[in-house]
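Analysis of the macromolecular model
The residues making up each chain are set out below.
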Amino acid sequence: MTDLEDYRKELDAIDQELVALFEKRMHISQAIGNYKVAHDLPIFDEGREQRVAEQNLTHLKSDEFAVQTHHFLDTIMDLSKEVQKDVRAASNDYEQIFAIHEPKQPAQIGYFGETGSFCEEAMLAYFKEAPRDPKNYHTFESLFLAIQNGEIDYGVLPVENSSTGAISQVLDLLYKYGLSIVGEQYIKIEQHLIGLEGTSLDQIEEVYSHPQGFQQSTDYFKYHEQWRQIPFHSTSDSAKMVKDSGDAHKGAIASRRAAQIHGLSILAESIQNQSENTTRFIIVGKDLESNPRCNKVSVVFSLDNQAGTLFKLLRHFARYHINLIKIESRPVEGEKWEYLLYLDFEGNIADENVHEALRFIHRSSVYFRLLGCYIAATENK
Ligand SMILES: O=C(O)C(=O)Cc1ccccc1
């Protein structure tokens, strides 16, 4: 027999013992998982992991393989945690996450802002037949509250702008109120400086708008630094306020439509930084809705604060051939340096690969919620 064959036989014998010990260890991890679920304890205990690694390294005869042994122990502990997370996921009634409801019809719709707001435009574009008696709300949170308490079935809010990025307050509210995304709509945004009829630019002293209006028009305001910029509810609330004030020194940033509706004049046209300025709006409802035509999924989750967890999770999107569209992170309220991740990707929750990927994210995350599965909007260029 060659030496090589002898070595291999020795390895086979060791592997056999390792596998038997590993299986035994995994059963104990599972039992610990059950205990932690029953006693509502966290799965990750950094102090204990550190102690286990240190204690086991003292069993080495020399330091020669200390690094590899550390790696080996870390991997074993990662696998144990996965088993424990499986136990917890099963106890969370995983299928409940996918409980799909029928769309509400006829539905009471709400939107953010006074009549003439961009959200109203998005609502009219999304619900092809103009909704009957839509209600409007002057803060994002009051709109979320109205959906939560059943005053309205769906609400329309901005979630992302092509030049200013995510509208983070809306992401935070989706998490806070546990509501769902049932659709989306793009609207091309042109901002104008508007004021009372018969006034001119040199009379303006202060300008009102939604913070988005200012952020999308920063270049224009570099040339008008003497004007006071005053944040107000929505662009259209600002327009209405200027009209109601009758004050020629006040201006608003809003749409052409808002100027017409509130009887104001355009003093400076198209003042937004980006000529193709576009906002993505979401239609928010109480429950998850989905049908076979839906091709976009949104989720929110948080991870253990450990090296490599995000990579380990995102790797599965490549493995299941899922196209990621967007990832956004937000701090968790009250938890310093802890983050929630908002992920959009292509697919339908009924697709096998999406289901598998979601099962994995759910299992690997500390917090997980499916925000919605809906039809991806296309941009009208
Ligand atoms: O204020 C509005 O009109 C809104 O609907 C919010 C908003 C503001 C600016 C751009 C896009 C959406």
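Residues numbered from 1 in each chain as written. Predicted model: local features only at pLDDT ≥ 70, side-chain atom pairs only at ≥ 80, totals over all residues. Heavy atoms only, no water.

1. A short note on a negative patch on the surface
A cluster of acidic residues, Asp3, Glu5, Asp6 and Glu10, forms a negative patch at the surface. Along the chain, Glu5 turns up in helix α1 (residues 3–38). Residue class for Glu5 comes out partly exposed when judged on its relative accessible area of 42%. (Patch = residues over 30% accessible without salt bridge, like charges linked within 9 Å, V, L, I, M, F, W, Y side chains within 5 Å. Areas by Shrake-Rupley, 256 points an atom, 1.4 Å probe, with all protein chains shown as cover. Salt bridge = Lys/Arg side-chain N within 4 Å of Asp/Glu carboxyl O. Lys, Arg positive; Asp, Glu negative; His and termini not counted. Charge placed at Lys NZ, Arg CZ, Asp CG, Glu CD. Helix = DSSP H or I, 4+ residues; strand = E, 2+ residues; numbered from the N terminus. Buried < 20%, exposed > 50% of the residue type's maximum accessible area, 1.4 Å probe, protein only.)

2. Digging into the UniProt feature "domain: Prephenate dehydratase" (unreviewed entry) in the protein chain
Under the UniProt annotation, the feature "domain: Prephenate dehydratase" (unreviewed entry) is placed at residues 108–286. Secondary structure content for residues 108–286 is 30% helix and 31% strand, and the end C-alpha separation is 12 Å. (UniProt positions renumbered as here; feature names shortened; annotations may be inferred.)

3. Concerning the domain arrangement of the protein chain
For the protein chain, the assigned domains read domain 1 (3–91), domain 2 (109–189 + 278–285), domain 3 (192–268) and domain 4 (291–374). With centres defined by C-alpha atoms, the gap from domain 1 to domain 4 works out at 27 Å. With nine residues of domain 1 at the contact, the number on the domain 4 side is eight residues. Summing the contributions of domain 1 and of domain 4, the shared interface buries around 750 Å²; its carbon and sulfur component is 41%. Linking domain 1 with domain 4 are one salt bridge, by the criterion used here. Across the pair Lys312 and Asp78 runs a salt bridge, and its minimum N-O distance is 2.9 Å. (Domains from an automatic or database assignment. Contact = heavy atoms within 4.5 Å. Buried area = accessible area lost by both parts, 1.4 Å probe.)

4. Remarks on the environment of Pro231
Note on placement: Pro231 falls in strand β8 (residues 228–231). C-alpha of Pro231 to C-alpha of Phe360: the two residues are 129 residues apart in sequence and 43 Å apart in space. When near neighbours in sequence (up to four residues on either side) are disregarded, Pro231 contacts Ser209, Pro211 and Phe214.

5. Points about the nonpolar core
By size, the foremost hydrophobic cluster in this structure holds 40 residues, and its most contacted members are Phe144, Val156, Val170, Leu174, Phe281 and Val284. Per-domain counts for this core show at least three residues from each of domain 2 (109–189 + 278–285) and domain 4 (291–374). When neighbours within four sequence positions are excluded, Val156 is seen to be in contact with Ile109, Gly110, Tyr111, Phe112, Cys119, Ala122, Met123, Phe127, Leu143, Phe281, Ile282 and Ile283. (Core = buried A, V, L, I, M, F, W, Y, C linked by side-chain atoms within 4.5 Å.)

6. Some remarks on helix α4 (residues 118–126)
Considered for burial, the residues of α4 that qualify are Phe118, Cys119, Glu120, Ala122 and Met123. Here the buried face of α4 lies against β1 (109–112), β3 (154–161), β5 (180–188), α9 (235–245), α10 (256–261) and β11 (278–285).

7. Here we look at the sheet that holds strand β12 (residues 296–302)
Sheet architecture is open: four strands sit in the order β13-β14-β12-β15, paired in antiparallel fashion. Two strands close off the open sheet at either side, each with one partner strand: β13 (324–331) and β15 (367–374). Direction aside, neighbouring strands of the sheet carry axes that sit 15° apart on average. The pairing of β13 with strand β14 (residues 339–346) spans seven bridges and is classified as antiparallel. Bridge pairing in β14 links Leu324 to Phe345. (Pairing = 2+ DSSP bridges. Axes fitted to C-alpha atoms, helices over the stretch in contact; angles between N-to-C directions.)

8. Considerations on the packing of helix α5 (residues 140–148) against helix α6 (residues 168–177)
For any two helices packed against each other, the geometry comes down to the angle between their axes and how far apart the axes lie. Across the interface, α5 lies against α6 with an axial gap of 10 Å and an inter-helix angle of 30°. Put simply, α5 runs roughly parallel to α6. Here the hand of the crossing between α5 and α6 comes out right-handed. Of α6, the residues touching α5 (which contributes Phe140, Glu141, Phe144, Leu145 and Gln148) are Gln169, Val170, Leu173, Leu174, Lys176 and Tyr177. Classifying every residue of the contact of α5 with α6 gives seven nonpolar, two polar and two charged. (Parallel < 35°, antiparallel > 145°, perpendicular 65-115°, else oblique. Left-handed = near helix turned anticlockwise from the far one by under 90°. Nonpolar A, V, L, I, M, F, W, Y, C, P; charged D, E, K, R; others polar.)

9. Notes on the site of the ligand
Around the ligand, 14 residues are found, and the nearest of them are Ser117, Phe118, Cys119, Ser234 and Thr235. The backbone of Cys119 places a nitrogen or oxygen atom 3.0 Å from an oxygen atom of the ligand. Contact between the ligand and Thr235: an oxygen atom at 2.5 Å from a side-chain N or O atom of the residue. When the free accessible area of the ligand is taken as 310 Å², the share hidden by the protein chains comes to 100%. Of the pockets mapped on this structure, the ligand occupies the largest cavity. Where the shell around the ligand is concerned, the elements lending two or more residues are α4 and β11. In terms of residue class, the shell around the ligand is built from six nonpolar, eight polar and no charged. Counting only domains with at least three residues in the shell around the ligand, you end up with domain 2 (109–189 + 278–285) and domain 3 (192–268). (Near = heavy atom within 4 Å. Polar contact = N/O pair within 3.5 Å; in protein donor to acceptor, adjacent residues only side chain to side chain. 1 Å grid on protein atoms, 1.4 Å probe; cavity = no way out; pocket = protein on both sides within 12 Å on 5 of 7 lines; lining within 4 Å. Sits in = over half its atoms within 2 Å of the grid points.)

10. Comments concerning empty space enclosed by the protein
For the structure on display, the rule yields two cavities of 30 Å³ or more. Volume-wise, the largest cavity comes out at about 160 Å³. Lining the largest cavity are 16 residues, with Phe118, Pro158, His210, Gln212 and Thr235 positioned closest to its centre. Looking at the lining of the largest cavity, the elements with two or more residues in it are α4, α7 (211–215) and β11. Looking at the lining of the largest cavity residue by residue, the class counts come to seven nonpolar, nine polar and no charged. Taken as a whole, the second largest cavity encloses approximately 110 Å³ of empty space. (Points joined across faces, edges and corners; volume = space filled by probe spheres on them.)

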